[in-house]
Amino acid sequence: MSLASLEWGRAASGGRKRGFKGIVVDVPLLVILFAIVALGMVVLYSAVSADTGLLVRQGMRFGVGLAAFIVIAQISPHYWRILTPWLYLLGIGLLLAVAVEGQIGKGAQRWLDLGVVTFQPSELLKLAVPMMCAWFMHERRLPPTFAQLMVMGLIVLTPALLIAEQPDLGTALLVMAGGALTILLAGISVRVMLVFGSLGLATLPVLWAVMRDYQKARVFTFLNPESDPLGTGYNIIQSKIAIGSGGLFGKGWLNGTQSHLEFLPERSTDFIFAVMAEEFGLLGLCLLLVLYLALVGRGLYIAAEAQDTFSRLLAGALSLTFFVYVFVNAGMVSGLLPIVGVPLPLVSAGGTSMVTLMAGFGMLASIHGHRKLLAA
Amino acid sequence: MAGSSLQLKDHWQEQRLFLSRIIAAAVIVLLLCGLVVWRLVQLQIFDYEHFIELSQGNRFRIEPMPPTRGLIYDRNGLVIAENRPNWELVAIGEQINDLDRTLLSLEELGLVDPSEHQSLRDLIRSHRGFERVKLSNLTEEQAATFAVRRHLFSGVDIQEALSRYYPFGEMTAHAVGYVGSISTADLERIDRSNYAGTSHIGKTGVERAYEERLHGQVGYRQQVVNAQGRVLEAAGDGRIQALADSSGVEAKTPVPGSNVVLSLDIKLQLAAQEAMQDLRGAIVAIDPRNGDVLALVSTPAFDPNRFAAGLSRADYVSLSTDPDKPLYNRALAGTYPPGSTVKPFLALAALQTEAMTPDEERYCPGHFRLPGQTHRYRDWRPQGHGNVNMRGAIVQSCDVYFYHLAVAMGIDAMAVGLREFGFGAPVGLDISGENSGVVPSREWKAKQFTRKADQVWFPGETVITGIGQGYTLVTPVQLAHAGATFAARGQRFAPRLLIGTEDPVTREVRYMEPKALPSVGDQDPAHWQLVHDAMVGVTSDPRGSARAPMQGTTYSVAGKTGTAQVIGIAQGERYREEDIDERLRDHGLFVAFAPAEAPRLALGVVIENGGGGSRAAAPVARKVFDAFFAADNYVAREP
């Protein structure tokens, strides 16, 4: 307690690293973000067949996200840490409200819900869960004890189960990934990891039992897409054709036959990676991946430079979770992973996820911008 | 507490640990990224030739092959629903440039109903681009009209298809139901990939209840299409065949839907329909030995073939707003006060609970008064029946006796007795749409009404429940089921329409076991015999209320008539039919089974606004019984 306020006191007395005009921003982060979003808009323009209305809405979402980024970056991680339990409880409360009200969007509506910005409480949890885990470990000794691990397990699983009930297995898994990464970064031993890993494997049959039919179908289709060419397999077959036919250099912007002849479903959302693959080829994808890696790298650097446990764990977990989004989307579109309905971060058209992501990066900027200059 | 944990924190050690984790994470990130890149290299470099061929020049289209819908037979193997070849107009969304203009042009040619414009557009939009969406059925002439203009319509085609046909038309409409175009609402509840290429789905009756069995499994094949989207025939062209084979999608032949065998005896069904003539009402005929529904008629009906062919919006509106409600399945959903048809059931319950003994007499002066009240509960016979015992009360349908019985039993015991026969809840017929009806009790009334004052049960309500008036409501299928239960002396079977399925390929029929329900509690044969005899008296005794309509039968009938008031008659007034609007006249009911000594057929008959049960319902039942016993071609269908 005393140490924390001491740090804050020093920071407040002019130690903060400020950008132009006293505003805290992280220039490298912003540059990479702008580059990815710009590249994404170019692809999106093609994917929605030059539907400018959609593009304007996507631009507006980025604008809202940018505003969130800047506002969040101005507030010191010290305050974010104090706010964390309230944010987490708010998120759980909203999830319960959604469950009670029964206003649950069906799996398919997530895809059809183009442009209409509907707030999903599960998005808030994507940030609140790693924050809560980091908050919990902040004043405790690392690595966590077994009892502490159990508490964090509860912190992660409660919202994850509520979200899985909605049912939105994709988001539930991502929320779990966010929490799990925080716990891993907190430094649990390899042995404990192995124990939990095997426990996790043991729960797979249980998971299978509670999975909805359409979710099981996705797994079956993933194992053998050709077995259901009229249903779920259709997406992955068409997606692979789109990617494969792009080759090294791609067919050129606006020249993708798969996407423009409407063979490719969910072009502007979950499958936009395939549109890019078809039109810009392997080289285009590599550029995008390099940008993503740069973003993740910058995030990990911020984590390594961070000065307290909360900031460290949070920055690391947010960066790695972001990579998980990229990997899951690229993996599912190219047939490495089953289709779980995860959008390509910062590129797919869609409301809340863009804002959540930008808010997360705002948190990184806050962590980096409010460091005190001298090491303790 | 915070202070002590702080002291234990070793910041340097912690930072080192964290750094090592970050480095490990970075390595894993790079490895996973490498995995993605490797996968992309695989698809985009190594398999490039394969995929570029799939995507450019010749492309594939997966053509769904819908399964043939199963046939529906009656119990003797007569076809009630079949599939007939006809022409239909289909649209393939992805090949149409301007959907609205295309539809307008088709409407100008008279091939598509203009009132369907919006719904067809929505339907095409809600399908995936490669799916064929049916626009309308075409006559030979219309097919020719389109054929010569086909080149003008990209993405519109005619195809030969099978459409549903019901040879008995409206005779089987309410029992068998019908198929109709798949609506956007239907799409929500089905496995869409299994319906790719299917245009119709069961909407009501057996067609809906056994949709899954009747539909079958979709098949598909890979087709090669040229840049304009036209199909290139693989047959005889080795190159195209090879290309189709290279896609990795193996063709799958559709699995036809199962044929189903119904319990209906179509001859009896037709006889029942004929007996109804122009009357509104319902007949349900059940075999008391197994619950087989041999006939299920609700009139007026409609022609299900119009739905299968595609009903225009205007026609649908005229059907659904018809004051006679032809779309309404009275046999399942129509609820009517049972009137005196409840008397045998209440009599048995009174014997079981010992509220009445068989020989106990009550004096009937033509009316009944509760102690201390002035209200007169009338008997249908103003001059009264004199002294009557239980048998006499059932035979003559004496109301006053049953007022006494009701008071002796109390409302809750009556409710228990009626529920045992299946009243007050769906009896479990295997098609949907059954109404629960109402068996009133104190508990029911407390739940039914929100105002405290309305929740109180009044003694007078007990009295009129004794003659099936007041809150009690039954459906025709409940009435028939209760009759069948009575015929089987308490043994209950869930009424069923489906008795077997036929494999469409081997034509092997598998019949199913009847589904037994919990029996009626009273096991005393003397009780059953007494009420049975009284019910035979109803049709044979000189004072029996159904004697005239059942005179001269070659079989013995046990039955009970009932009359349900549609409007209340004020104290001291008389019901004069000629003064009353036709739709406010009494409903006639009749529950019966025959032959009385070894029952094979139980009937529930309701005639709306037809006057009393003996005049309106019993004669209709007579015709159905006659048809059944004259033909006597009944064959038991057992597993």
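Residue indices follow the written sequence of each chain, beginning from 1 at its first position. In the order they appear in the text, chains get letters beginning with A and ligands get numbers beginning with 1. Thresholds applied to this predicted model are a pLDDT of at least 70 for local features of residues and 80 or more for the giving and counting of side-chain atom pairs; totals over whole chains, interfaces and linings are not thresholded and use all residues.

Considerations on helix 16 (residues 343–353) of chain B
All names here are of chain B.
Here is step 1 of the chain: A large share of helix 16 lies buried, amounting to nine of its eleven residues.
Here is step 2 of the chain: Three exposure classes are used, based on other C-beta atoms lying within 10 Å of a residue's own C-beta, which is placed from the backbone: buried for 20 or more, exposed for 12 or fewer, and partly exposed in between. In this text, helices come from DSSP runs of H or I with a minimum length of four residues, and strands from runs of E with a minimum of two, each type numbered from the N-terminal end. Considered for burial, the residues of helix 16 that qualify are Lys343, Pro344, Phe345, Leu346, Ala347, Leu348, Ala349, Ala350 and Leu351.
Here is step 3 of the chain: On its buried face, helix 16 is in contact with helix 17 (390–396), helix 18 (399–409), helix 19 (411–420), helix 22 (476–487), helix 23 (525–540) and strand 23 (558–564).
Here is step 4 of the chain: Count one or two residues on from helix 16 and you reach Glu354, which has phi positive near 60°. We call two residues in contact when the distance between their C-beta atoms, placed using the backbone, is within 7 Å.

Considerations on the sheet that holds strand 25 (residues 601–607) of chain B
Residue and element names in this part refer to chain B.
Here is step 1 of the chain: Read from one edge of the open sheet, five strands run 14-13-25-24-23, paired in antiparallel fashion. Across the chains shown, the open sheet's two edge strands, defined by having one partner strand only, are strand 14 (293–299) and strand 23. Strand-to-strand twist of the sheet, defined as the mean angle between neighbouring strand axes without regard to direction, takes the value 5°.
Here is step 2 of the chain: Relative to strand 25, strand 13 (residues 281–286) runs antiparallel, the two being bridged by six bridges. Each bridged residue has a counterpart across the sheet, and for Ile283 the counterpart in strand 25 is Val605. Paired strands, as defined in this entry, are two strands with at least two bridges between them according to DSSP. Axis geometry follows a simple rule: fit a line to the C-alpha atoms, using only the stretch in contact for helices, then measure angles between N-to-C directions, giving values from 0 to 180 degrees.

Here we look at the interface of chain A and chain B
Here is step 1 of the chain: Each partner contributes residues to the interface: chain A has 47 residues there, and chain B has 44 residues.
Here is step 2 of the chain: Mapped onto the side of chain A that touches chain B, the elements with two or more residues apiece are helix 8 (169–185), helix 11 (232–246), helix 12 (257–260), helix 13 (272–305) and helix 14 (309–333) of chain A.
Here is step 3 of the chain: Per-element accounting of the side of chain A that touches chain B gives the leading share, eleven residues, to helix 13 of chain A.
Here is step 4 of the chain: In the scheme used here, Gly and all other residues not listed as nonpolar or charged are polar, with Ala, Val, Leu, Ile, Met, Phe, Trp, Tyr, Cys and Pro taken as nonpolar and Asp, Glu, Lys and Arg as charged. Looking at side-chain class alone, the side of chain A that touches chain B contains 26 nonpolar, 13 polar and eight charged residues.

Let's talk about the pairing of strand 23 of chain B
The side chains of a regular strand alternate, residue by residue, between the two faces of the sheet.
Residues and elements named next belong to chain B.
Here is step 1 of the chain: In terms of burial, strand 23 is largely enclosed, as seven of its seven residues are buried.
Here is step 2 of the chain: Side chains of strand 23 alternate between two faces, with Ala558, Lys560, Gly562 and Ala564 and Gly559, Thr561 and Thr563 buried alike.
Here is step 3 of the chain: Across seven bridges, strand 23 lies against strand 24 (residues 587–594) in antiparallel orientation. Residue Ala558 lies in a different strand from strand 24, and its bridge partner there is Phe593.

Shape descriptors only; they carry no functional weight alone.
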